[in-house]
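Residue strings, one per chain:
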Amino acid sequence: MLKVGDKAPDFNLNSSDGSNISLDQLKGKKIVIYFYPKDDTPGCTIEACEFRDANNEISNAGAVVFGVSKDNLTSHHKFISKFGLNFSLLSDEDGQMCNLYGAWGEKTSFGKTTFGILRITFLIDEFGVIAKIWNNVKPEGHSKEVLDAIESL
């Protein structure tokens, strides 16, 4: 289980912007990585649109946002286009990054227990160290919590 102060695990994923993104290439930047279950579903749409609306402020605070799910790039492109998202989504189709970050596990929805992506957000500092973790994220208002944390670094 990752905790604040740990070195963030490296990753290398395909991005919706056509590039590959790795933690190593992002050193020197504050990074927001939020894990979400599925493109274009109610809670995930709320969360993505809030990050979209706060992205200029987050950027001005010196951070970059990435959403991560197991959806493929085609799905990500549709989601971005439909909601005008202004940040990159990373495709973790094999779930390797979800496992590294503890974002895959048991969850309960409508009384049914399943396994899937857990709604978790990480704030990583310029040195690749985890500065803040939000578990069991409630999508509404989350981007404001993240922005406040970035500004306090």
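Above this text you will find the structure in question.
Residues numbered from 1 in each chain as written. Predicted model: local features only at pLDDT ≥ 70, side-chain atom pairs only at ≥ 80, totals over all residues. Heavy atoms only, no water.

**Side note on the pairing of strand β6 (residues 104-109)**
Where β6 meets strand β7 (residues 112-117), six bridges bridge the pair, whose relative direction is antiparallel. What sits directly across from T108, in β7, is T113. In this antiparallel pair of consecutive strands, β6 and β7, the connection spans two residues, and F110 shows a positive phi of 55 degrees. (Pairing = 2+ DSSP bridges. Helix = DSSP H or I, 4+ residues; strand = E, 2+ residues; numbered from the N terminus.)

**Side note on the nonpolar core**
One recurring pattern in soluble globular proteins: nonpolar side chains tend to sit buried together. Core analysis: the biggest nonpolar cluster contains 23 residues, and V32, Y34, F51, I58, F87, L89 and I150 have the highest contact counts within it. Listed by contribution, the elements that provide at least two residues to this core are β3 (30-35), α1 (42-60), β4 (63-69), α2 (73-83) and α4 (142-152). Here this core takes five residues from α1, the largest share from any one element. Leave out the neighbours within four places in its chain, and L89 touches N14, S15, S16, Y34, Y36, D39, G67, H76, F79 and I80. Judged by nonpolar contacts, the second largest core, of 22 residues, contains I21, L26, V68 and I117. (Core = buried A, V, L, I, M, F, W, Y, C linked by side-chain atoms within 4.5 Å. Buried < 20%, exposed > 50% of the residue type's maximum accessible area, 1.4 Å probe, protein only. Contact = heavy atoms within 4.5 Å.)

**Focus: the pattern of salt bridges**
Scanning the entire structure with this criterion turns up seven salt bridges. Here K27 and D24 are joined by a salt bridge, their closest N and O atoms 3.5 Å apart. According to the relative accessible area criterion, K27 is partly exposed, its value standing at 44%. Residue K82 is joined to D40 by a salt bridge in which the shortest nitrogen-to-oxygen separation is 3.0 Å. Of this pair, K82 sits in helix α2 while D40 sits in the loop between β3 and α1; the two residues are 42 residues apart in sequence, bridging distant segments of the chain. Overall, the relative accessible area of 37% leaves D40 in the partly exposed class. (Salt bridge = Lys/Arg side-chain N within 4 Å of Asp/Glu carboxyl O.)

Taken by themselves, the reported measurements are silent on function.
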